[in-house]
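Residues per chain are reported as follows:
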Amino acid sequence: MNEIHPIEPIPNPLSEQPDFAVPKALEAEIDELITHYPQKRSASVMVLHAMQEQFGYISRQAVEWIATKLSLQPTNI
């Protein structure tokens, strides 16, 4: 019989980016992206892609910015 092991929590690998700032052009691109979805939350993956393309990675500050932009909690990003 297989023994069930508790699931280990995933460590938070997000890097810090203290100087995080979204360039105006990127914010305009993201605002336009959001208009393509019936609910703002549906744009989350595409917004993450845009952020990663701009910065090369997703920081904790980026997740928090996206969550605010999409009216979500950071855990939903």
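For the structure itself, consult the block above.
Residues numbered from 1 in each chain as written. Predicted model: local features only at pLDDT ≥ 70, side-chain atom pairs only at ≥ 80, totals over all residues. Heavy atoms only, no water.

Caption draft 1: Main features of the environment of Ser-44. For Ser-44, the location among the structural elements is in helix H2 (residues 44-55). Residues Ser-44 and Leu-70, 26 residues apart in the sequence, show an inter-C-alpha distance of 7.5 Å. (Helix = DSSP H or I, 4+ residues; strand = E, 2+ residues; numbered from the N terminus.)

Caption draft 2: Up close: the pattern of salt bridges. The tally for this structure, following the rule as stated, stands at 4 salt bridges. One salt bridge connects Arg-60 with Glu-16, and the closest N-O pair in it is separated by 2.8 Å. Taken together, the residues Arg-60 in helix H3 (residues 60-69) and Glu-16 in the segment before helix H1 (24-34) connect sequence positions 44 residues apart. Relative accessible area serves as the criterion here: at 45%, Glu-16 is assigned to the partly exposed category. With its nearest N and O atoms 2.6 Å apart, the salt bridge here joins Glu-64 to Arg-60. With Glu-64 and Arg-60 both in helix H3, this residue pair falls 4 residues apart, about one helical turn. Relative accessible area serves as the criterion here: at 34%, Glu-64 is assigned to the partly exposed category. Taking the relative accessible area as the measure of exposure, Arg-60 reaches 28% and is therefore partly exposed. Taken together, the salt bridges that share partners define one network made up of Glu-16, Arg-60 and Glu-64. (Salt bridge = Lys/Arg side-chain N within 4 Å of Asp/Glu carboxyl O. Buried < 20%, exposed > 50% of the residue type's maximum accessible area, 1.4 Å probe, protein only.)

Caption draft 3: Representation of H3 in the model. For H3, the tally of buried residues reaches 7 of 10 residues, placing the bulk of the element in the interior. Among all positions in H3, only Gln-61, Ala-62, Val-63, Trp-65, Ile-66, Ala-67 and Lys-69 are buried. Along its buried surface, H3 packs onto H1 and H2. Among the residues trailing H3, Ser-71 stands out with phi positive, at a value near 60°. (Contact = heavy atoms within 4.5 Å.)

Caption draft 4: Local environment of the nonpolar core. By size, the foremost hydrophobic cluster in this structure holds 17 residues, and its most contacted members are Ile-30, Met-51 and Trp-65. At the level of secondary structure, the elements contributing two or more residues to this core comprise H1, H2 and H3. Those residues in contact with Met-51, other than ones at most four positions away along the chain, are Phe-20, Val-22, Leu-26, Ile-30, Gly-56, Tyr-57, Ile-58, Ala-62, Trp-65 and Ile-66. (Core = buried A, V, L, I, M, F, W, Y, C linked by side-chain atoms within 4.5 Å.)

Caption draft 5: Expanded view of the packing of aromatic side chains. Tallying each qualifying case throughout the model produces 1 aromatic pair. Judged by centre distance (5.3 Å) and plane angle (45°), the rings of Phe-20 and Phe-55 are tilted. Here Phe-20 is found in the segment before H1, whereas its partner Phe-55 is found in helix H2, with 35 residues between them in sequence. (Phe/Tyr/Trp six-rings, centres within 6.5 Å; stacked < 30°, edge-to-face > 60°.)

Keep in mind these values describe shape, not function.
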